[in-house]
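Understanding the architecture of this molecule
Spelled out, the chains give:
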Amino acid sequence: MPGTKEEFADVVKRIVQLALILMILMVVNAVATRLPGMETTVFSPPYDLSIANITSLVIYIITIAVILIFGQNIALRLPRLVPSFPEIASLVFNAVILLAIIIGYHVFDVVLTPLLDDLGLPWLYPLIFLVLSLLPVWKIASVLLTSSGKITNLFVGNTTPTQKVVCASCGGQVSPSKFCSQCGNELVQAADSGGNVCPQCGAALKPGAKFCIKCGTKVAD
């Protein structure tokens with residue numbers, strides 16, 4: 001059953017809240033790093049970090065944490081909105097993790113790159129983040145490859161409706177077969193009855209039937 005309007009509104013509200021929080025953090029970062037005295041160096045080479053660098057680093061760490069928390073919360077709600085594609089939870093959450101890794105790559109560059117350069121290991125920094133990104137990339141690719149049909153149906157819709165027949169014994173709508181999947185009784189197919197169906201409920205009628213055995217509607221004079 002698709003999610004309700006309230007659930008959809010809750011997801012939209014959380015997305016708006018995330019956007020507002022990120023905007024506030026970016027404004028705080030822009031203002032705080034330009035205050036008087038923020039360019040004062042607090043670490044000696046090879047770091048050469050200023051108070052502004054440290055402040056920006058802390059704000060970006062908070063930003064990454066907010067994004068990850070949002071990703072986890074939204075991933076838990078999306079399957080209710082798209083029940084035909086439950087894999088969307090894994091797809092979105094791993095996309096958020098990948099985004100956090102990309103942000104972290106640029107954020108920690110000012111701290112780790114000088115240290116690794118001093119140790120003669122400049123190649124280690126990109127390698128670390130490459131390895132970290134492999135798992136979410138693999139999971140995203142796996143979902144896209146195994147669920148391509150479901151993803152297509154989300155955008156173009158399922159143009160081939162599933163055929164259903166009405167069981168004359170229990171009234172359940174089931175897929176065409178010899179026996180009803182709900183009550184186990186033998187299904188009377190419309191083809192077996194000469195194509196006759198009840199005009200009221202759609203149940204297949206036995207040959208010569210004057211009344212529908214499901215709803216009692218008179219079908220013959």
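This text goes with the structure placed above it.
Residues numbered from 1 in each chain as written. Predicted model: local features only at pLDDT ≥ 70, side-chain atom pairs only at ≥ 80, totals over all residues. Heavy atoms only, no water.

Some remarks on the side chain of Ser-50
Within the fold, Ser-50 resides in the loop between helix H1 (5-32) and helix H2 (51-81). Look at Ser-50 and you get buried, because its relative accessible area is 5%. Side chain to side chain, Ser-50 and Asn-53 meet in a polar contact 3.0 Å long. Those residues in contact with Ser-50, other than ones at most four positions away along the chain, are Met-38, Glu-39, Thr-40, Thr-41 and Val-42. (Helix = DSSP H or I, 4+ residues; strand = E, 2+ residues; numbered from the N terminus. Buried < 20%, exposed > 50% of the residue type's maximum accessible area, 1.4 Å probe, protein only. Polar contact = N/O pair within 3.5 Å; in protein donor to acceptor, adjacent residues only side chain to side chain. Contact = heavy atoms within 4.5 Å.)

Remarks on the pattern of salt bridges
Applying the stated criterion to the full structure yields 3 salt bridges. The salt bridge involving Glu-7 is made with Arg-80; its shortest N-O contact spans 3.1 Å. Of this pair, Glu-7 sits in helix H1 while Arg-80 is found in helix H2, placing the two residues 73 residues apart along the sequence. Arg-80 gets classed as partly exposed once you look at its relative accessible area, which sits at 42%. Linking Arg-77 and Asp-10 is a salt bridge whose minimum nitrogen-to-oxygen distance equals 2.9 Å. Within this pair, whereas Arg-77 is found in helix H2, its partner Asp-10 is found in helix H1, the two being separated by 67 residues in sequence. Overlapping salt bridges, with partners in common, bring together Asp-10, Arg-14 and Arg-77 in one network. (Salt bridge = Lys/Arg side-chain N within 4 Å of Asp/Glu carboxyl O.)

Side note on the packing of aromatic side chains
Evaluation of the coordinates by the stated rule reveals 3 aromatic pairs. With centroids separated by 5.4 Å and ring planes inclined at 85 degrees, the aromatic side chains of Tyr-105 and Phe-129 adopt a geometry described as edge-to-face. Here the residue Tyr-105 occupies a position in helix H3 (residues 88-107), and Phe-129 occupies one in helix H5 (residues 124-146), the gap between them amounting to 24 residues. Note on Tyr-105: relative accessible area 30%, which makes it partly exposed. Through successive ring pairs, a cluster of aromatic residues spans Tyr-105, Tyr-125 and Phe-129. (Phe/Tyr/Trp six-rings, centres within 6.5 Å; stacked < 30°, edge-to-face > 60°.)

With respect to the environment of Arg-77
The exposure class assigned to Arg-77 is partly exposed, which follows from its relative accessible area of 27%. A C-alpha to C-alpha distance of 7.9 Å links Arg-77 and Ala-89, two positions 12 residues apart in sequence. Sequence-distant contacts of Arg-77, defined by excluding residues within four places in its chain, comprise Asp-10, Val-11 and Arg-14. Side chain to side chain, Arg-77 and Asp-10 meet in a polar contact 2.9 Å long.

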